Amino acid sequence: MNHVERPRWHRWLTFSEVAFAFAFGIFLFVLLNIASAGVLVTLITAGACFALLGAAHYFVWGQDFSRDVAPARRRVEREQALAERVESADKFLLSLNDEERRDLIQVLNRSLQHDAMDPGTRAARQELLNKVRMFGA
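Chemist: Can you help me understand the overall build of the protein chain in this one?
Modeler: Check the secondary structure of the protein chain and you find 4 helices and 0 strands. Beginning at the N terminus, the succession of helices and strands in the protein chain can be written as α-α-α-α. Out of the 137 residues in the protein chain, the part that is buried amounts to 8%. Taking contacts inside the protein chain between residues at least 6 apart in sequence as the whole, the part at least 24 apart equals 29%. Within the structure as shown, the protein chain displays about 12,300 Å² of accessible surface, and the carbon and sulfur contribution to it stands at 65%.

What follows is the structure, encoded as structure tokens:
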């Protein structure tokens, strides 16, 4: 792999951009610190202490907790994914014109007239018939 050396002025420009950004950050910090009467330093110190305490808590308890919780979390995520797949399989879009809708209503009415049908199937067909009828109303 050919490595092309960057010119000296390119390195100088990169360094100067970083230095100017750092200087502007310090200027902005001092300006805001003066405007807030020193509250900014207190807030930054409190935030740093909070972050340090949080990191210490994670290193003491968090890794153990993550190991215990990870299998349960994966199980719950698998169950949710399965439930979403089942739920999405129950919904579909059916585009019918008036003639097709009328034919479907006739077929469903004929199928509901048979006595040798279990109650779950009968209820599902009746619900479908009601939905098809409501669509055209």
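Chemist: Teacher, can you tell me more about the confidence of the model for the protein chain here?
Modeler: Atom-level detail of predicted coordinates should not be read off regions where pLDDT is low. Chain-level pLDDT for the protein chain is 81 on average; 86% of the residues reach the 70-or-more range. Looking across the protein chain, the model is least confident in helix α4 (residues 119–136), with a mean pLDDT of 81, and most confident in helix α3 (residues 98–112), with 87.

Chemist: Just to check I follow, could you spell out the nonpolar core for this structure?
Modeler: One recurring pattern in soluble globular proteins: nonpolar side chains tend to sit buried together. In this structure, Ile-105, Leu-108, Leu-112, Leu-129 and Val-132 together form the largest nonpolar core, which totals 5 residues. Looking at this core, the elements with two or more residues in it are α3 and α4. If one sorts the elements of this core by residue count, α3 sits on top with 3 residues. Among residues more than four places away in sequence, those in contact with Ile-105 are Leu-129, Val-132 and Arg-133.

Chemist: I'm lost on a nonpolar patch on the surface in this one. Help?
Modeler: A cluster of nonpolar side chains, contributed by Phe-22, Ile-26, Phe-29, Val-30, Ile-34, Val-41 and Ile-44, occupies part of the molecular surface with about 650 Å² of accessible area. Of all the secondary structure elements, the ones that give two or more residues to the nonpolar patch are α1 (8–35) and α2 (39–90). Of note, Phe-29 is situated in helix α1.

Chemist: How do you make sense of the side chain of Ser-111 when you look at a structure like this?
Modeler: Secondary-structure assignment places Ser-111 in helix α3. Not counting residues up to four positions away in its chain, the partners in contact with Ser-111 are Met-117 and Arg-125.

Chemist: Can you walk me through the side chain of Arg-101 in this structure?
Modeler: Within the secondary structure, Arg-101 is located in helix α3. The side chain of Arg-101 is buried and forms no salt bridge, while Asp-98, the nearest opposite charge, is found at 4.8 Å. In this structure the side chain of Arg-101 is engaged in a polar contact, spanning 3.2 Å, whose partner is the backbone oxygen of Val-132.

Chemist: How should I be thinking about α3 in this particular structure?
Modeler: Because an α-helix packs 3.6 residues into every turn, residues spaced three or four apart end up facing the same way. In this model, α3 (15 residues) spans 21 Å end to end at C-alpha, consistent with the 21 Å of a helix rising 1.5 Å per residue. Turning to α3, its buried residues are Arg-101, Ile-105, Leu-108, Ser-111 and Leu-112. Burial along α3 is one-sided: seen end-on, the buried residues are contained in an arc of 130°.

About the cut-offs
Residues numbered from 1 in each chain as written. Predicted model: local features only at pLDDT ≥ 70, side-chain atom pairs only at ≥ 80, totals over all residues. Heavy atoms only, no water. Helix = DSSP H or I, 4+ residues; strand = E, 2+ residues; numbered from the N terminus. Buried < 20%, exposed > 50% of the residue type's maximum accessible area, 1.4 Å probe, protein only. Contact = heavy atoms within 4.5 Å. Areas by Shrake-Rupley, 256 points an atom, 1.4 Å probe, with all protein chains shown as cover. pLDDT = per-residue confidence, 0-100. Core = buried A, V, L, I, M, F, W, Y, C linked by side-chain atoms within 4.5 Å. Patch = residues over 30% accessible without salt bridge, like charges linked within 9 Å, V, L, I, M, F, W, Y side chains within 5 Å. Salt bridge = Lys/Arg side-chain N within 4 Å of Asp/Glu carboxyl O. Lys, Arg positive; Asp, Glu negative; His and termini not counted. Polar contact = N/O pair within 3.5 Å; in protein donor to acceptor, adjacent residues only side chain to side chain. Expected span 1.5 Å × (residues − 1). Arc of directions from axis to C-beta.

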